[in-house]
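Structural overview
Chain by chain, the residues:
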Amino acid sequence: MSTHTDPTGRTGVLRTKSIEQSIRDTEEPEHALTRSLSALDLTVFGVGVIIGTGIFVLTGAVAKENAGPATAIAFAVAGVVCGLAALCYAEFASTVPVAGSAYTFAFASLGELPAWIIGWDLVLEFALGTAVVAVGWSGYVRSLMDNVGWHLPDALAGTNHTYGFAFDLLAFLLVLILTGVLVLGMKLSARVTSVVVAIKVAVVLIVIIAGAFFVKASNYSPFIPPAVKTEGESGLQEPLIQVLFGYAPTNFGVLGIFTAASVVFFAFIGFDVVATAAEETKLPQRDMPRGILGSLLICTTLYVAVSIVVTGMQHYTELSIDAPLADAFKATGHPWYAGVISFGAAVGLTTVCMILLLGQTRVFFAMSRDGLLPRFFSRVHPRFRTPYRATVLLGVLIAIIAGFTSIEELATLVNIGTLFAFVVVAIGVVILRRTRPDLPRAFRTPLVPWLPIASVAASVWLMLNLPTETWLRFGIWMLLGVLVYFCYGRRHSRLAPHRNTSSTKESS
């Protein structure tokens, strides 16, 4: 077996891993995943992870506080920002069809330490995202159970803090069950996702079609409300852009649409997870771009349609923040749809949770296969051909986090982690075009380097609108990751000078 060498001649923490070597690593029997996914499977995964509570909840808050009926434009703007990143992801995923998404892309273009940092970032992003979504799912299910007279004890509903004990049993069990589904194979995961996504999209379409009959044109006036200068947050809750430049975001007006876009962007988080399944796709060169771009287009269309309907059913000043769609139907005398919406949200969050967990296990698996994490975790199951050790470890840990921890205040870390990945991938596309112009690219990002530069600028702008506290927490996590790399990853990397793939002894 050949050694891992850097085709660019770099050494130390900026040594890169060649595309060819990354692809050869996927052929090692004990570390190879099964290619079973189609373009339809990937699109379903994308839709499954993007459509969550955002489509049922976020529209009302943004319309009432940021953009009014022009929320539809804000969703379109956010979709364009994600589209810029998606075009960069599509080129990488079709050129480097290997598990790991942004981690693998960074390893091929920027070097080992940047790859480790982005991998460490993704581990946090997907772990917290899975736990937060599981807790949200539990809340919807408990609400549905209460409607039929079933009640969990407070101590098992995550709400009993009187005696210092609160355990969210439903969130814990959901993560464990989904862990089992992922261990049993990607095709089974795809089938489960397809059924659930079909139900979820059907509910969304019912809401859009039914709501269209209750739209009043007068509710769209004014479509772009007059601008209002915001007072902003104080202390560590201030957006970083306000701390650095004294800029306070504007609500309503034309600039308010862009402020709203920075909020609704977070409803799109997850489409990048599709790229983590590149190694398990039958024809990645063709199907990865279709899955990534197709799922984003479908979800942007649904988001715009929902925002148009909800602001047409009820004037934006009267919308509720907690449950705008459900309350809008109640206001028009049709409370039955509130139950349909709650059911759709609960069903929808199931796939969001599973696909985020899938993304994390694939990033962890790729880092382990490269030696940056213990190689023990990159062994695949002899029958199911899934990274079962990493999946079980992460599934159990996240189930415990979801069961015992209230982590709503950490949810914004998911957002900054995603945007950071967008920046890295866009930069990586430009670098790889220069260092490896000879690579066959089934899909090419248009207008390089200008489109990737625009993607970086848009992502950084949204990052600057996040609270200063989020930046501090993110910085601490990144420093911890750098420490782990220099204490373990650098010495155990398969690119380390003293290691040779033909002599590496793997743990079992």
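Residues numbered from 1 in each chain as written. Predicted model: local features only at pLDDT ≥ 70, side-chain atom pairs only at ≥ 80, totals over all residues. Heavy atoms only, no water.

Turning our attention to the overall build of the protein chain. Looking only at helices and strands, one finds 17 helices and two strands in the protein chain. Its C-alpha atoms give the protein chain a radius of gyration of 23 Å, within 12% of the compact-globule value 23 Å for 508 residues. Looking at the 508 residues of the protein chain, the share that counts as buried comes to 59%. In the protein chain, once contacts between residues fewer than 6 apart in sequence are set aside, the share between residues at least 24 apart is 81%. Total accessible area computed for the protein chain in this model is approximately 19600 Å², and 68% of it derives from carbon and sulfur atoms. Computing the positive centroid from 34 side-chain charges and the negative centroid from 31, the protein chain places the two 10 Å apart. (Helix = DSSP H or I, 4+ residues; strand = E, 2+ residues; numbered from the N terminus. Rg over C-alpha atoms; globule rule 2.2 N^0.38 Å. Buried < 20%, exposed > 50% of the residue type's maximum accessible area, 1.4 Å probe, protein only. Contact = heavy atoms within 4.5 Å. Areas by Shrake-Rupley, 256 points an atom, 1.4 Å probe, with all protein chains shown as cover. Lys, Arg positive; Asp, Glu negative; His and termini not counted. Charge placed at Lys NZ, Arg CZ, Asp CG, Glu CD.)

Attention now goes to the side chain of Glu-28. Among the secondary structure elements, Glu-28 is positioned in the loop between α1 (19–25) and α2 (39–50). Overall, Glu-28 belongs to the buried group, its relative accessible area being 9%. Polar side-chain contacts of Glu-28 include one of 3.1 Å to the side chain of Arg-494. (Polar contact = N/O pair within 3.5 Å; in protein donor to acceptor, adjacent residues only side chain to side chain.)

Enumeration over the complete set of coordinates arrives at two cavities of 30 Å³ or more. By volume, the largest cavity is sized at about 70 Å³. If you list the elements that add at least two residues to the lining of the largest cavity, you get α5 (102–109) and α13 (336–369). Its residues placed into classes, the lining of the largest cavity shows five nonpolar, two polar and three charged. (1 Å grid on protein atoms, 1.4 Å probe; cavity = no way out; pocket = protein on both sides within 12 Å on 5 of 7 lines; lining within 4 Å. Points joined across faces, edges and corners; volume = space filled by probe spheres on them. Nonpolar A, V, L, I, M, F, W, Y, C, P; charged D, E, K, R; others polar.)

This part covers the environment of Gly-129. Relative to the assigned elements, Gly-129 resides in helix α6 (residues 112–147). The sequence separation of Gly-129 and Gln-360 amounts to 231 residues, and the corresponding C-alpha distance is 9.8 Å. With residues near it in sequence (within four places) discarded, Gly-129 still touches Leu-356 and Val-414.

So, on to the nonpolar core. The biggest cluster of nonpolar side chains holds 148 residues, and the ones touching the most others in it are Tyr-89, Tyr-103, Phe-271 and Ile-292. Filtering out sequence-adjacent residues up to four positions away, Tyr-89 remains in contact with Ser-101, Ala-102, Phe-105, Phe-271, Asp-272, Ala-275, Ile-292, Ala-421, Phe-422 and Val-425. (Core = buried A, V, L, I, M, F, W, Y, C linked by side-chain atoms within 4.5 Å.)

Between helix α7 (residues 169–183) and helix α14 (residues 388–404), the shortest axis-to-axis distance is 8 Å and the interhelical angle comes to 170°. Taken together, the axis directions place α7 and α14 in an arrangement best described as roughly antiparallel. Touching Ala-171, Phe-172, Val-175, Leu-176, Thr-179, Leu-182 and Val-183 of α7 are Tyr-388, Thr-391, Val-392, Gly-395, Val-396, Ile-398, Ala-399, Ile-400, Ala-402 and Gly-403, all from α14. The class makeup of the residues in the contact of α7 with α14 is 13 nonpolar, four polar and no charged. (Axes fitted to C-alpha atoms, helices over the stretch in contact; angles between N-to-C directions. Parallel < 35°, antiparallel > 145°, perpendicular 65-115°, else oblique.)

If you trace the backbone, Ser-36 turns up in the loop between α1 and α2. Take Ser-36: its relative accessible area is 14%, and that puts it in the buried class. The spatial distance from the C-alpha of Ser-36 to the C-alpha of Gly-185 is 9.5 Å, given a sequence separation of 149 residues. Residues contacting Ser-36, with those up to four places away along its chain left out, are Asp-41, Met-186, Lys-187, Glu-280 and Lys-282.

A cluster of nonpolar residues, Leu-173, Leu-176, Ile-177, Val-392, Val-396, Ile-400 and Phe-404, forms a patch on the protein surface that exposes about 570 Å² of accessible area. Secondary structure elements with two or more residues in the nonpolar patch: α7 and α14. Counting residues per element, the nonpolar patch draws most heavily on α14, which supplies four residues. With respect to the helices and strands, the residue Phe-404 is situated in helix α14. (Patch = residues over 30% accessible without salt bridge, like charges linked within 9 Å, V, L, I, M, F, W, Y side chains within 5 Å. Salt bridge = Lys/Arg side-chain N within 4 Å of Asp/Glu carboxyl O.)

As a further point, take the state of the cysteines. Tallied over the full model, the rule gives zero disulfides. Left unpaired, Cys-299 is separated from the closest cysteine sulfur, that of Cys-82, by 10 Å. Since its relative accessible area comes to 0%, Cys-299 is described here as buried. (Disulfide = S-S within 2.5 Å.)

Across its 34 residues, α13 extends 51 Å between first and last C-alpha, which sits within 8% of the 50 Å expected from 1.5 Å per residue. With 31 of 34 residues buried, α13 is to be regarded as a mostly interior element. Gly-371 occupies a position one or two residues after α13 and carries a positive phi of about 90°. (Expected span 1.5 Å × (residues − 1).)

Okay, the packing of aromatic side chains next. Going through the model one piece at a time under the given rule, you end up with 20 aromatic pairs. Ring centres 5.9 Å apart and planes at 65° place the aromatic pair Tyr-103 and Phe-107 in the edge-to-face group. Placement of the pair is Tyr-103 and Phe-107 together in helix α5, with a separation of four residues, close to one helical turn. The class of Tyr-103 is buried, set by a relative accessible area of 0%. Looking at Phe-107, the relative accessible area reads 3%, which means it is buried. A centroid spacing of 5.1 Å and a plane angle of 75° characterise the contact between Trp-336 and Tyr-337, whose relative ring orientation is edge-to-face. By relative accessible area, which is 17% here, Tyr-337 ends up buried. (Phe/Tyr/Trp six-rings, centres within 6.5 Å; stacked < 30°, edge-to-face > 60°.)

The next point concerns unusual backbone geometry. A cis amide bond, omega -5°, links Ser-221 with the succeeding residue Pro-222. One can find Pro-222 in the loop between α8 (186–212) and β1 (228–229). Pro-449 follows Val-448 through a cis peptide bond whose omega is 10°. In this structure, Pro-449 sits in the loop between α15 (412–435) and α16 (450–464). Phi is positive for Phe-252, which is not a glycine, with a value near 65°. Tracing the sequence through the fold places Phe-252 in the loop between β2 (250–251) and α10 (253–264). Given the relative accessible area of 12%, Phe-252 is considered buried. Even without being glycine, Leu-447 reaches a positive phi, approximately 55°. Here Leu-447 lies in the loop between α15 and α16. Assessed through its relative accessible area of 64%, Leu-447 is described here as exposed.

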